[in-house]
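This is what each chain is made of:
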Amino acid sequence: MTLQEQYIRKHKRYHRMISLARLCIIVIFLLVWEISANTGLIDPFFFSSPSRVCKSLVTLYRDYNLPAHIGITLLETILSFLLVFGISMAAATLLWYSAKVSAVLEPYLVVLNSLPKSALAPLFIVWLGTGIKTIIVAGISVAIFGAVINLYTGFSLTEPEKCMLITTLGGSRKQIFHKVVLPSNILLILSTMKVNIGLSLVGVIIGEFLAAKQGLGYLIIYGSQTFKMSMVITSIVILCVIAMLLYLGLQLTEHWYKKKVL
């Protein structure tokens, strides 16, 4: 067996072990949760249980049109994420191109990024009314400022020697960006987007708490107001699954890029 084959086998064994460990954690958590609810260690009315969540899932599907609620939340999240990606890339590129603009705007970006975005949601309702526009803006507001700062920082720290060499040889700022900065930061962009997809989902749920008549955030608020805690927990579980699938999609894209380039 060659060293390469040994490495590949070891690498596959490592990933199988990680996947098995993750599965064991989920199974143990669900078992402990179910047993605790059935034996009275926790109050099933407030904390529900896996079996009650499954029953609630069937009820939501049958009586509350669950696919429509999932679809609207997913649509709002994806739209928010795509807008965050486009705006943050454009803003970070502008800041990289102009040192004066970055010097002026960077403190404001830091301040805006530190604001609690849930405090802005009521303002969005006053400005935009209730509906999908407000929810998408709420989703954008949670992720956008951190994304711009991360991307701009990555662009600014990109291989200064190569950038200097291109400048010395008469290259333009545009050529530096397209030949050095952008290719060198693809992994940073993908890594930032993996964080932003989760933040966009958080922002969308905040918006749905206040301004929606559909969506998983609406189901959570409705369930808490009517003391249907199994509905609340089921909606949260569905959100966890959605977040995991969205993250996995971007992670697969990152792995594909690494295999292709590296």
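Preceding this section is the structure that the text describes.
How each quantity is defined
- Residues numbered from 1 in each chain as written.
- Predicted model: local features only at pLDDT ≥ 70, side-chain atom pairs only at ≥ 80, totals over all residues.
- Heavy atoms only, no water.
- Core = buried A, V, L, I, M, F, W, Y, C linked by side-chain atoms within 4.5 Å.
- Buried < 20%, exposed > 50% of the residue type's maximum accessible area, 1.4 Å probe, protein only.
- Helix = DSSP H or I, 4+ residues; strand = E, 2+ residues; numbered from the N terminus.
- Contact = heavy atoms within 4.5 Å.
- Salt bridge = Lys/Arg side-chain N within 4 Å of Asp/Glu carboxyl O.
- Phe/Tyr/Trp six-rings, centres within 6.5 Å; stacked < 30°, edge-to-face > 60°.
- Patch = residues over 30% accessible without salt bridge, like charges linked within 9 Å, V, L, I, M, F, W, Y side chains within 5 Å.
- Areas by Shrake-Rupley, 256 points an atom, 1.4 Å probe, with all protein chains shown as cover.
- Lys, Arg positive; Asp, Glu negative; His and termini not counted.
- Charge placed at Lys NZ, Arg CZ, Asp CG, Glu CD.

### As for the nonpolar core
Then comes step 1: Residues Phe155, Val181 and Leu216 are the most contacted members of the largest nonpolar core, which totals 40 residues.
Then comes step 2: Those elements that provide at least two residues to this core are helix 4 (66–97), helix 7 (132–156), helix 8 (160–168), helix 9 (173–184), helix 10 (186–211), helix 11 (216–225) and helix 12 (229–261).
Then comes step 3: Per element, the largest residue contribution to this core is 10 residues, and it comes from helix 7.
Then comes step 4: Residues within four places of Phe155 in sequence aside, it is in contact with Met89, Ala92, Thr93, Trp96, Phe177, Val181 and Asn185.

### Quick notes on the pattern of salt bridges
Then comes step 1: Within the structure shown, the criterion is met by two salt bridges.
Then comes step 2: Here Arg62 ties to Asp63 by a salt bridge, and the two come within 3.3 Å at their closest N and O atoms.
Then comes step 3: The class of Arg62 is exposed, set by a relative accessible area of 56%.
Then comes step 4: Of the charged contacts, one joins Glu254 and Lys194 as a salt bridge, the two residues approaching to 2.7 Å between their closest N and O atoms. Of this pair, Glu254 sits in helix 12 while Lys194 sits in helix 10, and the two are 60 residues apart along the sequence. No difference in accessibility class separates Glu254 from Lys194, as the two residues are buried.

### Brief notes about the packing of aromatic side chains
Then comes step 1: Considering all chains together, one arrives at nine aromatic pairs under this definition.
Then comes step 2: Seen from their ring centres, Tyr97 and Phe177 are 5.8 Å apart, and the 40° between their planes marks the pair as tilted. Taken together, the residues span a long stretch of sequence, with Tyr97 in helix 4 and Phe177 in helix 9 at a distance of 80 residues.
Then comes step 3: Phe177 sits in the buried class, given a relative accessible area of 5%.
Then comes step 4: Aromatic ring contacts, followed pair by pair, group Trp96, Tyr97, Phe155 and Phe177 into a single cluster.

### Let's talk about a positive patch on the surface
Then comes step 1: A cluster of basic residues, Arg9, Lys10, Lys12, Arg13 and Arg16, forms a positive patch at the surface.
Then comes step 2: Among the structural elements, Arg13 can be located in helix 1 (residues 3–39).

### Considerations on the environment of Cys24
Then comes step 1: With respect to the helices and strands, the residue Cys24 is situated in helix 1.
Then comes step 2: Measuring from C-alpha to C-alpha, the distance between Cys24 and Leu115 comes to 38 Å, with 91 residues separating the pair along the chain.

### Focus: the side chain of Thr192
Then comes step 1: One can find Thr192 in helix 10.
Then comes step 2: In this structure Thr192 comes out as buried when scored by relative accessible area, which is 6%.
Then comes step 3: Residues contacting Thr192, with those up to four places away along its chain left out, are Ala147, Asn150 and Leu151.

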